Amino acid sequence: MDVDNIFSSQAYSFQQAIKAFGKIVDDIQGDYKATRFVDWPTVVLSMLLHSTAISLYRLLPKEVSDESAVLIDRRSIATLVRNLVDTHDVIDLLCDPDQAPADFNLHRDIMGYYLSGKLHAFHGKADPASFFGRLDKTQDWYWKRIASALPDKGRKNRLKRGESLFYLTRKERIAKCCGQNHEFVEKVLADLSTYVHSVPPALWMQTPDAVFANDKKTRGVLTVWLRITNFYYARAIGIVLLAYRQESSTDELRNFMDINKAVFQT
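Residues numbered from 1 in each chain as written. Predicted model: local features only at pLDDT ≥ 70, side-chain atom pairs only at ≥ 80, totals over all residues. Heavy atoms only, no water.

Q: I'd love a proper account of the state of the cysteines, names of residues and values included.
A: In this structure the tally under the stated criterion is 0 disulfides. C178 provides the cysteine sulfur closest to C177, a residue in no disulfide bond, and the two sulfurs are 5.7 Å apart. Note on C178: relative accessible area 6%, which makes it buried. (Disulfide = S-S within 2.5 Å. Buried < 20%, exposed > 50% of the residue type's maximum accessible area, 1.4 Å probe, protein only.)

Q: Any details on the environment of S65? Residues and values, ideally.
A: Tracing the sequence through the fold places S65 in the loop between α2 (40-59) and α3 (74-94). For the pair S65 and A11, spaced 54 residues apart in sequence, the C-alpha to C-alpha distance is 15 Å. Once residues within four sequence positions are removed from consideration, S65 is found in contact with N214 and R219. (Helix = DSSP H or I, 4+ residues; strand = E, 2+ residues; numbered from the N terminus. Contact = heavy atoms within 4.5 Å.)

Q: Please set out the packing of aromatic side chains residue by residue, giving values where relevant.
A: As enumerated under the stated definition, the model contains 9 aromatic pairs in all. The interplanar angle of 75° and the centroid separation of 5.4 Å between the aromatic rings of F14 and Y233 together place this pair among those described as edge-to-face. Here the residue F14 occupies a position in helix α1 (residues 3-33), and Y233 occupies one in helix α11 (residues 216-243), the gap between them amounting to 219 residues. Given the relative accessible area of 0%, F14 is considered buried. A relative accessible area of 0% means that Y233 is categorised as buried. With centroids separated by 5.5 Å and ring planes inclined at 80°, the aromatic side chains of Y195 and W225 adopt a geometry described as edge-to-face. (Phe/Tyr/Trp six-rings, centres within 6.5 Å; stacked < 30°, edge-to-face > 60°.)

Q: Pulling in residues and values, what's your account of the packing of α11 against helix α12 (residues 251-259)?
A: Two elements in contact, α11 and α12, have axes whose closest approach is 9 Å; the angle formed by their N-to-C orientations is 120°. Classed by the angle they form, the pair α11 and α12 counts as oblique. Between α11 and α12 lies a crossing of left-handed hand. For the pair α11 and α12, contact is made by R227, N230, Y233, A234, I237, G238 and L241 and by L253, F256, M257 and I259, respectively. Within the contact of α11 with α12, the residues separate by chemical class into 8 nonpolar, 2 polar and 1 charged. (Axes fitted to C-alpha atoms, helices over the stretch in contact; angles between N-to-C directions. Parallel < 35°, antiparallel > 145°, perpendicular 65-115°, else oblique. Left-handed = near helix turned anticlockwise from the far one by under 90°. Nonpolar A, V, L, I, M, F, W, Y, C, P; charged D, E, K, R; others polar.)

Quick look at the structure:
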């Protein structure tokens, strides 16, 4: 199949999933406001997932023509793909109702430790007597629970400074989700990091027109990125639906999740 046909198919599938999931997010927000669904992390993270997907779709080329004058901001696209993957990883950590109760409690304690530390650092140090100023004691309470539930010293060290929610490495998280495709996905996400965290070498190796052109080569790269994005987006939606205790209510979402059960179909 021609790369442009594959890209257009992936982009269309992504767009339809965004529309269908948007209706679920509206329902979650409505039920949260009416106190029928009160799991705050799932509410906030589902909204973050949806808004990230919308922002990413808006940057994708809508024309598949080498004569198109539209410039492709590959660096911003890479950033949003990585943001969506990271949002999936947080949803997988905090919202999956199928995890063991001990793991669920540990992960929510990690969230409490992380958030109380951040709030204390940003708001509490200036006024130690305030609510935010006392959050260091809350953080200590969470840490005692985490240290008791997570005996591995190396994993605890990843959490100790309060800079991350993850005690699994990125490599471990990719392997957990992507199965036999994990090595390829790991390489693609590492390549994305060169766009996110630095000026990618490709900028210096091509003409300015070629770097930002909406051409077949660029669309080929975006097709791979979008394929991985659709996999992570489908997986995150599935976890949100489980946490919300809802079956996917549309054919679009059911088909999207079925098609994207693996990164690459075998």
